[in-house]
Amino acid sequence: MTNLPGIVVTGASGRMGQMLIRTIQNSDRARLVGAVERKGHDWVGRDVGEAMGGAAQGVIVTDEPLEAFAHAQAVIDFTAPAATLEFAALAAQARAVHVIGTTGMTTEDLERLKLAAHHAVIVRAGNMSLGVNLLVQLTKRVAAALDADYDIEVIEAHHNQKVDAPSGTALMLGEAAAQGRGVRLEDVSDRGRDGITGARKRGDIGFSAIRGGDIIGEHDVMFAAAGERIILRHVASDRSVFARGALKAALWGLDQHPGEYDMVDVLGL
Ligand SMILES: NC(=O)C1=CN([C@@H]2O[C@H](COP(=O)(O)OP(=O)(O)OC[C@H]3O[C@@H](n4cnc5c(N)ncnc54)[C@H](O)[C@@H]3O)[C@@H](O)[C@H]2O)C=CC1
Ligand SMILES: O=C(O)C1=N[C@H](C(=O)O)C[C@H](O)C1
């Protein structure tokens, strides 16, 4: 049991943090060795199992990430961009695999992650589910098969606490559509329409974001032409799909050389 790879979960009290902790506890391939929360959080200093309303797990929530990472083989991190950048440097220092689910990172943030990936394995994806990563491949193929008579729109829906838009998944799907079309997403991306926008520009890839209630995550890629529409859809009905993917990524990462990877690498898609 103690030879199993040790995993630290950051953002332990979060929606994904708690799901990850349950997933690791139920796994016979990994063990939880640390739980990190931000300074001042009321879980810090408490046993994580008890803080989650269950039995003690022997893991005390800490606000000292490096101390926790030093005892781990992998860190699973679904937090916020600033925290993830800090954790990337610390995980590299501790030589731990860093699995990043955090979304909303800027181009500059991603450049900084690349530096950390010189020294450590980083697996990052805006969506860790098998279904969405398959949808990414399908989107690329459909976009390659159709010309710009088919307007591409990525439509996403999430819960009312989500802070970033478009979602990380929507951006992955938009990127896949752009790749399929052989264009750069930054040249054709159309976000946040409001007011007198003018007619849709041929070849643009549009994004729409819905926020409400407890929606876990829903993504449509619509190809709309005169007389027909094709819609590729993924609906997440349980956050465990993301947590299972993240744990798979952490275990896969243990056998890789330093560098930046995604779920397509992990799943061999
Ligand atoms: N890639 C994927 O498959 C998925 C990605 N996500 C992304 O994961 C992130 C988190 O999502 P949720 O769990 O819903 O959010 P949440 O708000 O419920 O949890 C975030 C947690 O991170 C903690 N945190 C923030 N700064 C910290 C710091 N400096 N040190 C330690 N902990 C810190 C917060 O206290 C909170 O507990 C978001 O960016 C979301 O988009 C969510 C689901 C799936
Ligand atoms: O914030 C969320 O909840 C989710 N975020 C990810 C995203 O931004 O795409 C993945 C999933 O859709 C849930």
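Remember, it's a predicted structure, so these values are computed and weren't measured experimentally.

## Digging into the side chain of Asn-127
Part 1 of the argument: Positionally, Asn-127 belongs in the loop between β6 (121-124) and α6 (130-145).
Part 2 of the argument: Since its relative accessible area comes to 5%, Asn-127 is described here as buried.
Part 3 of the argument: A distance of 3.0 Å separates polar atoms of two side chains, one belonging to Asn-127 and the other to Thr-169.
Part 4 of the argument: Those residues in contact with Asn-127, other than ones at most four positions away along the chain, are Val-132, Asn-133, Thr-169, Met-172, Phe-242 and Met-263.

## A word on the site of ligand 2
Part 1 of the argument: Close to ligand 2 lie Thr-103, Gly-126, Asn-127, His-158, His-159, Lys-162, Ser-167, Gly-168, Thr-169, Ile-216, His-219 and Phe-242, which account for all nearby residues.
Part 2 of the argument: Between an oxygen atom of ligand 2 and a main-chain N or O atom of Gly-126, the distance comes to 3.5 Å.
Part 3 of the argument: In this structure, an oxygen atom belonging to ligand 2 sits 2.5 Å away from a side-chain N or O atom of Thr-169.
Part 4 of the argument: Taking 320 Å² as the accessible area of ligand 2 by itself, protein coverage stands at 85%.
Part 5 of the argument: Its residues assigned to classes, the shell around ligand 2 comprises two nonpolar, nine polar and one charged.

## Regarding the UniProt feature "binding site: NADP(+)" (unreviewed entry) in the protein
Part 1 of the argument: In the numbering adopted here, UniProt assigns the feature "binding site: NADP(+)" (unreviewed entry) to Arg-38.
Part 2 of the argument: Mapping Arg-38 onto the fold places it in the loop between β2 (31-36) and α2 (48-51).
Part 3 of the argument: With a relative accessible area of 55%, Arg-38 lands in the exposed category.
Part 4 of the argument: In contact with Arg-38, not counting residues within four places along its chain, are Val-44 and Asp-63.

## Remarks on the nonpolar core
Part 1 of the argument: Core analysis: the biggest nonpolar cluster contains 37 residues, and Ile-7, Leu-20, Ile-24, Val-48, Ile-76, Phe-78 and Val-99 have the highest contact counts within it.
Part 2 of the argument: It is helix α9 (residues 240-253) that contributes the most residues to this core, seven residues altogether.
Part 3 of the argument: Those residues in contact with Phe-78 that sit more than four places away from it in its chain are Thr-10, Met-16, Leu-20, Gly-101, Thr-102, Met-128, Phe-242 and Ala-246.
Part 4 of the argument: Ala-177, Ala-178, Val-188 and Phe-223 belong to the second largest nonpolar core, which has 21 residues in total.

## Points about helix α4 (residues 81-93)
Part 1 of the argument: Compared with the 18 Å implied by 1.5 Å per residue over 13 residues, the 19 Å span of α4 between its first and last C-alpha is a close match.
Part 2 of the argument: Along α4, the residues that are buried comprise Thr-84, Leu-85, Phe-87, Ala-88, Leu-90, Ala-91 and Ala-92.
Part 3 of the argument: Considering only its buried residues, α4 is in contact with β1 (6-10), β2, α3 (65-69), β4 (74-77), β5 (97-100) and α5 (107-116).
Part 4 of the argument: Backbone geometry just downstream of α4 places Arg-95 in the positive-phi region, at approximately 55°.

## Here's the deal with helix α1 (residues 15-25)
Part 1 of the argument: Within α1 the residues assigned to the buried category are Met-16, Gly-17, Met-19, Leu-20, Ile-21, Thr-23 and Ile-24.
Part 2 of the argument: Lining the buried residues of α1 we find β1, β2, α2, β4 and α9.

What counts, and at which threshold
- Residues numbered from 1 in each chain as written.
- Chains lettered and ligands numbered in written order.
- Predicted model: local features only at pLDDT ≥ 70, side-chain atom pairs only at ≥ 80, totals over all residues.
- Heavy atoms only, no water.
- Helix = DSSP H or I, 4+ residues; strand = E, 2+ residues; numbered from the N terminus.
- Buried < 20%, exposed > 50% of the residue type's maximum accessible area, 1.4 Å probe, protein only.
- Polar contact = N/O pair within 3.5 Å; in protein donor to acceptor, adjacent residues only side chain to side chain.
- Contact = heavy atoms within 4.5 Å.
- Near = heavy atom within 4 Å.
- Areas by Shrake-Rupley, 256 points an atom, 1.4 Å probe, with all protein chains shown as cover.
- Nonpolar A, V, L, I, M, F, W, Y, C, P; charged D, E, K, R; others polar.
- UniProt positions renumbered as here; feature names shortened; annotations may be inferred.
- Core = buried A, V, L, I, M, F, W, Y, C linked by side-chain atoms within 4.5 Å.
- Expected span 1.5 Å × (residues − 1).

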